[in-house]
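Structural description and commentary
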2 protein chains.
Amino acid sequence: MPAPLNKLDANTLAKKLATREITSEQLVRACLDWINEREADVQAWAHLAPDSALKRAQELDRGPVTGLLHGLPVGVKDLFDTADMPTTYGSSIYRSLQPVADASIVALCRAQGAVMMGKTVTTEFATFTPGKTRNPHRLTHTPGGSSSGSAAAVADHMVPLAFASQTAASVIRPAAFCGIVGYKPSFGLVNRSGVKPLSDSLDTVGFLARSVDDVALFAAAATGDRSLLQLETSLSPRIALCHTHEWPYADQDTQHAMEHAALMLAKAGHRVREMTLPESFAGLLQAQKEIMGFDLVRSLAYERLEHAIELSTGLRELLELGQQISHDQHRANLQLAYSARAAVSTAFGEYEVVLAPSAVGEAPATLTQTGDPVFGRVWTLLGLPCVHLPFYRGSSGMPVGLQVVGRPGEDKVALRVAAWLMRQLS
Amino acid sequence: MPAPLNKLDANTLAKKLATREITSEQLVRACLDWINEREADVQAWAHLAPDSALKRAQELDRGPVTGLLHGLPVGVKDLFDTADMPTTYGSSIYRSLQPVADASIVALCRAQGAVMMGKTVTTEFATFTPGKTRNPHRLTHTPGGSSSGSAAAVADHMVPLAFASQTAASVIRPAAFCGIVGYKPSFGLVNRSGVKPLSDSLDTVGFLARSVDDVALFAAAATGDRSLLQLETSLSPRIALCHTHEWPYADQDTQHAMEHAALMLAKAGHRVREMTLPESFAGLLQAQKEIMGFDLVRSLAYERLEHAIELSTGLRELLELGQQISHDQHRANLQLAYSARAAVSTAFGEYEVVLAPSAVGEAPATLTQTGDPVFGRVWTLLGLPCVHLPFYRGSSGMPVGLQVVGRPGEDKVALRVAAWLMRQLS
């Protein structure tokens, strides 16, 4: 018996849809059936839209194949506005919000033939207070955040693709905890209009799927940059490990993943080297926290001033911390960030990418928090392209992996090397 | 007979309100009376909210004085979301949109005691297709755009303060054409959440008023940075003229304004020098246009894909131009911009600010376009603080002036020197 359609990857499905070997309706039904079976456990969805998804699939089946995502089901993080589905930003303040427009990236993917299946659970305003979603690998563990529902839905084969966004580590951490591929593009590459802002200097739209080829397909469709589809590498890529200044936070599972990666690369004939970040980069972790806090106080001004009672205790504490950052401190933090952004290319030296930790370790066995974003913060502040690779298992059998981090704006290279590495490390 | 309250500047009014010499209700009524008299001619307002403004004024009159803007009437550009007033973004697509939240900057100013009087006319999505507003100095002339209604309302004494935003020249040009002070802060200084995005790399929230002290008060309240209020200059500021690479676009009136400024500074004992921008900056004008076009295609993806028929011909042409910019070209443009941003501080040398053209000349005698934004584009792309000073009259008697441009992030200095210059040049 062949694998059910919902288990197949996006590129395979796209080819079958383009040749009319399968219909979008069949695929959407397979996904909906599986969601129906699993949602009571996983709780990935803030809103499911089976009727409009089926209607759209049928329309696409009747029409010509034009877009890169023709007929493919997509999950939309509930931080992204949708004209045909409610949008809560993970907060009860917006429990009855029906936006009048799609976020740009949603509109662009619809135009490429994507079928929007529903809204996936986000943490409260994409910060740290969890939603209802559970880790599909083990329901007592967090799926990570803030793109909790998107990561769980993709990992559980409910949809092949789902939108994410990252301000600290909200693409990479849930991808790591759920054992899928997450791609956070270079800062500024993907349009953010219609995505609820947290921090103008940090917010980045990202993509979740079950393979590097699939996040690349998704990103190519969303940005219109088809060169992202060319993932062949002819030469042996120039890769270093980067343990980062945050290495002391890594637990044994992440340490083992780094050792395993070094071993596999050595076996494949690579001389494995270390890329050491400048000493001044040690301050970036704290700077990222403070920039995020400072911006959050302002981005959520309306909610904080008019609906304080509906904010979680955790978020209120985060806002109080943010209010303690002075304008002078904020300017100094931004200055540090700009200097580091200007210097990071030099730090990379001859290397095309580095391999770095994605998370502290396995998904913590809790549903009351989403895990530490410590290994995402600095790369987000630096605006570098990051791709999480789920190639390893931790001591209790849960997914672990590493992220490929590329040079500024070199998303194509990062994706190419990520695809190559996934083959070497698996 | 004393001047009617609506004629007074914001700082004077703030003092009278704080000491209860006048009530906010009296002030709001004076503004509403004047709007009532003039609106049929000027047409500055997309939506006027007399009832809620009076109600809020009465509340503030009954309560304690806490905020910097206590009781002051403010006009809100119709590109900014408001929870209690419709918001159209200058497009019929949104003719019936009632946002559920305030833009952050609106919420922050409300918390400082501002009374929102209504929504001021913006051009279509803050691009170049005009709204109904006329120049209050001469009704057959454009008020400039995109902050057309805000500039006209402030110039005509309908309100002392109004919000603006700039992607090309939409703060500085309408300020110039209407003869008021416009302040475009450094990129990243003012939160943009809830302001309809055009270009993530360019969009900047700004402030309109009738004096430098008033834009500084407004910005201090909006950002929470009270150091912007300290406008005293003890020493003689270090100022250069900067004719810019776009100087050939300047007509005689703007040429005369530059000559007049040089003369006045020389009279006051200043050695007047020129700051010459690097040759490589000559490409920034075209780069700004292309970045704006590229981003616009994506930011307005939903409108372009789902409501194309409701876009103006002008905007559709702009979008078609934007669609011709390749990803490689866009990356090259951003790279040029980043290099220039990194180099601009050096270009300033010893100077604290430069004086540069704000617009080609007087407001053109037309209502079918809003004038050329050529003198705003490069400074916007560089992210520098700009303050328009309305100290001059053109050959047909309409307002002309120059903009003070400060070093990156040196908004305090730019405002301080602008206040000093306004005294020297007037």
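Residues numbered from 1 in each chain as written. Chains lettered and ligands numbered in written order. Predicted model: local features only at pLDDT ≥ 70, side-chain atom pairs only at ≥ 80, totals over all residues.

Looking at the overall build of chain A
In plain terms, the rule: For helices the rule is a DSSP run of H or I covering at least 4 residues; for strands it is a run of E covering at least 2, with both sets numbered from the N terminus onward. Here the globule rule reads 2.2 Å times residues to the power 0.38, and the radius of gyration is calculated from C-alpha atoms. Each residue is classed by its C-beta neighbour count within 10 Å, where at least 20 other C-beta atoms makes it buried, 12 or fewer makes it exposed, and intermediate counts make it partly exposed; the C-beta atoms are placed from backbone geometry. Residue pairs qualify as contacts under a 7 Å threshold applied to their C-beta atoms, which are placed from the backbone.
Looking only at helices and strands, chain A has 14 helices and 11 strands in total. Here the C-alpha atoms of chain A give a radius of gyration of 20 Å, agreeing with the 22 Å that 2.2 N^0.38 yields for 426 residues. Projected onto its principal axes, the C-alpha positions of chain A cover 60 × 60 × 40 Å. Residue burial in chain A is summarised as follows: out of 426 residues, 62% are buried. For chain A, contacts bridging at least 24 residues in sequence account for 78% of all contacts bridging at least 6.

Observations regarding the sheet that holds strand β4 (residues 161-166) of chain B
Residues and elements named next belong to chain B. As a reminder of what qualifies: At least two DSSP bridges between two strands are needed for those strands to be called paired. Axis definition: a line fit to C-alpha positions, over the contact stretch in the case of helices; interaxial angles, taken between N-to-C directions, run 0 to 180 degrees.
The strand order across the open sheet formed by 11 strands is β1-β3-β2-β4-β6-β5-β10-β11-β9-β7-β8, and the pairing between neighbours is mixed. The two strands at the open ends of the sheet, each matched to only one other strand, are β1 (45-48) and β8 (273-274). Relative to strand β3 (residues 115-120), β1 runs antiparallel, the two being bridged by three bridges. If you follow leucine 48 over to β3, its bridge partner there is glycine 118. Together, β7 (239-241), β9 (353-357), β10 (386-393) and β11 (399-406) form the strand contacts of helix α14 (residues 411-425), whose direction differs from that of β10 by roughly 5°.

A closer look at the packing of helix α9 (residues 284-299) of chain A against helix α11 (residues 313-323) of chain A
Residue and element names in this part refer to chain A. Rules: For classification, angles of less than 35 degrees are called roughly parallel, those exceeding 145 degrees roughly antiparallel, those between 65 and 115 degrees roughly perpendicular, and all remaining angles oblique. Residues are sorted three ways: Asp, Glu, Lys and Arg are charged, Ala, Val, Leu, Ile, Met, Phe, Trp, Tyr, Cys and Pro are nonpolar, and all the rest, Gly among them, are polar.
Between α9 and α11, whose axes approach to 8 Å, the crossing angle comes to 105°. In this view, α9 runs roughly perpendicular relative to α11, as classed from their interaxial angle. Of the residues in α11, those in contact with Gly293, Phe294, Leu296 and Val297 of α9 are Leu318, Leu319, Leu321, Gly322 and Gln323. Its residues assigned to classes, the contact of α9 with α11 shows six nonpolar, three polar and no charged.

What about the relation of the copies chain A and chain B?
Heads up, the condition is: For this overlay, a least-squares fit was computed on C-alpha atoms, restricted to residues scoring pLDDT of at least 70 in both copies.
Superposition of chain A onto chain B requires a rotation of 180° combined with a translation of 0.0 Å along the rotation axis, giving an RMSD of 0.0 Å. Between the two chains, the operation in question is that of a two-fold axis. Taken together, the interface assignments show that 100% of the residues at the interface of chain A recur at the interface of chain B, consistent with an identical surface on both copies.

A look at the confidence of the model for chain A
Stated precisely, the cut-off is as follows: pLDDT: the predictor's confidence for each residue, scored from 0 to 100.
Counting all residues, the mean pLDDT for chain A is 97, and 100% of those residues have values of 70 or more. Under the prediction, the complex receives an ipTM of 0.95, its pTM being 0.97.

So, the interface of chain A and chain B
Between chain A and chain B, the contact holds 27 residues from the first and 27 residues from the second. Mapped by element, the contributors of at least two residues to the side of chain A that touches chain B are α4 (104-111), α9, α10 (301-306) and α12 (327-348) of chain A. Taken together, the residues that form the side of chain A that touches chain B break down as 12 nonpolar, eight polar and seven charged.

As for unusual backbone geometry
All names here are of chain A. The linkage connecting glycine 145 with the following residue, serine 146, adopts the cis geometry, with an omega of 0°. Structurally, the position occupied by serine 146 is in the loop between β3 (115-120) and α5 (148-155). In this structure, tyrosine 89 takes a positive phi of about 55° despite not being glycine. The phi angle at phenylalanine 125 is positive, at roughly 45°, despite the residue not being glycine.

Quick look at the domain arrangement of chain A
Residues and elements named next belong to chain A. Which entries qualify depends on this criterion: Here the limits of each domain have been adopted from an automatic or database domain assignment.
The domain architecture assigned to chain A consists of domain 1 (5-229) and domain 2 (239-425). For domain 1 and domain 2, the distance between their C-alpha centroids amounts to 22 Å. Contacts between domain 1 and domain 2 engage 53 residues on the former and 53 residues on the latter. Breaking the side of domain 1 that touches domain 2 down by element, the ones donating at least two residues are α6 (172-178), β5 (181-184) and α7 (212-223). Tallying contributions element by element places α6 first for the side of domain 1 that touches domain 2, with six residues. Across the side of domain 1 that touches domain 2, the residue classes tally to 24 nonpolar, 22 polar and seven charged.

Some details on the sheet that holds β3 of chain A
Residue and element names in this part refer to chain A. Read across the sheet, 11 strands follow the order β1-β3-β2-β4-β6-β5-β10-β11-β9-β7-β8 without closing on themselves; strand pairing throughout is mixed. At either margin of the open sheet sits one strand with a lone partner, and together these are β1 (45-48) and β8 (273-274). Where α7 meets the sheet, its contacts fall on β4 (161-166), β5, β6 (204-209) and β10 (386-393), and the angle it forms with β6 comes to roughly 135°.

Notes on helix α11 (residues 313-323) of chain B
Residues and elements named next belong to chain B. Operational definition: Throughout, the arc means the angular range of directions from the helix axis out to the C-beta atoms.
Within the span of α11, buried status applies to Leu315, Leu318 and Gly322. Looking down the long axis of α11, one finds its buried residues gathered within 60° of arc, a one-sided arrangement. The outward face of α11, more than 90 degrees from its buried face, is lined by the exposed residues Thr313, Glu317 and Glu320. If you follow the buried residues of α11, they end up packed against α9 (284-299).

Remarks on the pairing of β3 of chain A
Residues and elements named next belong to chain A. Summarising burial for β3: six of the six residues are buried, a large majority. Pairing geometry for strand β2 (residues 73-77) and β3, over five bridges, is parallel. Bridge pairing links glycine 75 to glycine 118 in β3.

Let's talk about the nonpolar core
To be explicit about the condition: Think of a nonpolar core as buried Ala, Val, Leu, Ile, Met, Phe, Trp, Tyr and Cys residues chained together by C-beta atoms that fall within 7 Å.
The biggest cluster of nonpolar side chains holds 295 residues, and the ones touching the most others in it are Val74 and Val404 of chain A together with Val74 and Val404 of chain B. For valine 74 of chain A, the contacting residues outside a window of four places in its chain are Cys109, Ala114, Val115, Met116, Met117, Val159, Leu161 and Ala162 of chain A.

Here we look at the environment of asparagine 6 of chain A
Residue and element names in this part refer to chain A. Along the chain, asparagine 6 falls in the segment before α1 (10-18). On a C-alpha basis, the gap between asparagine 6 and aspartate 41 in space is 18 Å, while along the polypeptide they are 35 residues apart. Discounting chain neighbours no more than four positions away, the residues touching asparagine 6 are Ala30, Cys31, Trp34 and His157.

As for the packing of helix α2 (residues 24-42) of chain B against helix α3 (residues 50-62) of chain B
All names here are of chain B. Put simply, the rule reads: Crossings are sorted by hand: turned counterclockwise from the far helix by less than a right angle, the near helix makes the crossing left-handed, and turned clockwise it makes it right-handed.
The N-to-C vectors of α2 and α3 enclose an angle of 160°; their axes lie 8 Å apart at closest approach. In terms of orientation, α2 and α3 fall into the roughly antiparallel class. Judged by the twist between their axes, the crossing of α2 over α3 is right-handed. In this structure, α2 uses Ser24, Glu25, Val28 and Leu32 to contact α3, whose residues at the interface are Pro50, Ala53, Leu54, Ala57, Gln58, Leu60 and Asp61.

Looking at the environment of aspartate 200 of chain B
Structurally, the position occupied by aspartate 200 of chain B is in the loop between β5 (181-184) and β6 (204-209). Aspartate 200 of chain B sits 140 residues away from leucine 60 of chain B along the chain, and the two C-alpha atoms are 36 Å apart. Residue contacts for aspartate 200 of chain B: discarding those within four places in its chain leaves Gly188 and Arg192 of chain A together with Asp295 of chain B.

Some points on α1 of chain A
Residue and element names in this part refer to chain A. Every buried residue belonging to α1 is among Ala10, Leu13, Ala14 and Leu17, and all of these are buried. Burial along α1 is one-sided: seen end-on, the buried residues are contained in an arc of 105°. Elements in contact with the buried residues of α1: α2 (24-42), β4, β6 and α7. Arginine 20 lies just past α1 and shows a positive phi near 65°.

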